[in-house]
Amino acid sequence: MDRTLVIVKPDGVERRLIGEILGRLERRGLTIVAGDLRQIDEATAKRHYAEHEGKPFFGDVIAFITRSPSFVCAIEGPSGTWAIVRAAMGATNPADAAPGTIRGDLATELTENLIHGSDSAASAERELALFFPTLR
Ligand code: CDP
Ligand code: MG
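This one's a predicted model, so the numbers in the text were calculated from it and none came from an experiment. (Residues numbered from 1 in each chain as written. Chains lettered and ligands numbered in written order. Predicted model: local features only at pLDDT ≥ 70, side-chain atom pairs only at ≥ 80, totals over all residues. Heavy atoms only, no water.)

## Topic: helix α2 (residues 18-28)
- Ile 21, Leu 22, Gly 23 and Leu 25 are the residues of α2 that are buried.
- Next to the buried residues of α2 lie β1 (2-8), β2 (31-38), β3 (70-77), α5 (81-89), α6 (102-106) and β4 (115-117).
- Within two residues after α2, Gly 29 carries a phi angle of roughly 115°, on the positive side. (Buried < 20%, exposed > 50% of the residue type's maximum accessible area, 1.4 Å probe, protein only. Helix = DSSP H or I, 4+ residues; strand = E, 2+ residues; numbered from the N terminus. Contact = heavy atoms within 4.5 Å.)

## Re the side chain of His 116
- Within the element layout of this structure, His 116 appears in strand β4.
- You can call His 116 buried: its relative accessible area is 10%.
- At 2.9 Å, the side chain of His 116 and the side chain of Glu 127 are in polar contact.
- Ignoring anything within four residues of it in the chain, the contact list for His 116 reads Leu 5, Val 6, Ile 7, Lys 9, His 48, Tyr 49, Met 89 and Glu 127. (Polar contact = N/O pair within 3.5 Å; in protein donor to acceptor, adjacent residues only side chain to side chain.)

## So, the sheet that holds β3
- What the four strands build is an open sheet, ordered β2-β3-β1-β4; its pairing is antiparallel. The sheet is open, and its two borders are formed by β2 and β4, each paired with just one other strand. With strand direction ignored, the average angle separating the axes of adjacent strands in the sheet is 20°.
- Bridge count for β1 against β4 is three bridges, and the pairing is antiparallel. The partner of Ile 7 across the bridge, within β4, is His 116. (Pairing = 2+ DSSP bridges. Axes fitted to C-alpha atoms, helices over the stretch in contact; angles between N-to-C directions.)

## A few points about the packing of aromatic side chains
- Counting across every chain of the model gives zero aromatic pairs.
- Just above the ring of Phe 132 sits the side chain of Arg 38; from NZ or CZ to the centre is 4.9 Å. (Phe/Tyr/Trp six-rings, centres within 6.5 Å; stacked < 30°, edge-to-face > 60°. Lys NZ or Arg CZ within 6 Å of the ring centre and 35° of its normal.)

## A closer look at the site of ligand 1
- The immediate surroundings of ligand 1 are formed by Lys 9, Tyr 49, His 52, Phe 57, Val 61, Arg 86, Thr 92, Arg 103, Leu 110, Thr 111 and Asn 113.
- In the environment of ligand 1, an oxygen atom lies 2.8 Å from a nitrogen or oxygen atom belonging to the side chain of His 52.
- Arg 103 places a side-chain nitrogen or oxygen 3.2 Å from an oxygen atom of ligand 1.
- Taken by itself ligand 1 offers 500 Å² of open surface, and the protein chains cover 83% of this.
- When the residues that make up the shell around ligand 1 are grouped by side-chain class, the tally is four nonpolar, four polar and three charged. (Near = heavy atom within 4 Å. Areas by Shrake-Rupley, 256 points an atom, 1.4 Å probe, with all protein chains shown as cover. Nonpolar A, V, L, I, M, F, W, Y, C, P; charged D, E, K, R; others polar.)

## Some details on the nonpolar core
- Ranked by internal contacts, the top residues of the largest apolar core, which has 19 residues, are Val 6, Ile 21, Leu 25 and Leu 114.
- Beyond its immediate chain neighbours, meaning those up to four positions away, Val 6 contacts Leu 22, Leu 25, Phe 71, Val 72, Cys 73, Ile 75, Val 85, Ile 115 and His 116.
- By size, the runner-up hydrophobic cluster in this structure holds 16 residues, among which are Tyr 49, Ile 62, Leu 128 and Phe 131. (Core = buried A, V, L, I, M, F, W, Y, C linked by side-chain atoms within 4.5 Å.)

None of this, on its own, says anything about what the molecule does.
Here it is as structure tokens:
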């Protein structure tokens, strides 16, 4: 078994797409093992997106992810679950995301692209520790 971090970003919550997005992951066979609606604070957002510090979009993505509540969850499935989730999400830019993916079916904007999923096993471990420090 393996776990990864998923965030239904503020646009997904505002558009009432939590059920649609998490439903797709559940129908795939993945399990939500922790989750809650929370407004991510600036310090947590900056730690979460630390790899992007200094890039031109950093300010925009921090402002976006902190502007209203997100649904933050831990998703469990077989080994490599992070990659299953990433494939279901589609490309970062929804304009490039394949039909059938979450971003490809439900989004058009690069910053407001509905969902975050950890991009490696190491990222999943780091991000789960950041958002769910007591989960075991
Ligand atoms: O979310 P993902 O891992 O697919 O992409 P990323 O490259 O790690 O970028 C993190 C987030 O920053 C994206 O999901 C977008 O919300 C935002 N972003 C942006 O606004 N403009 C870019 N040029 C790249 C990313
Ligand atoms: Mg990323």
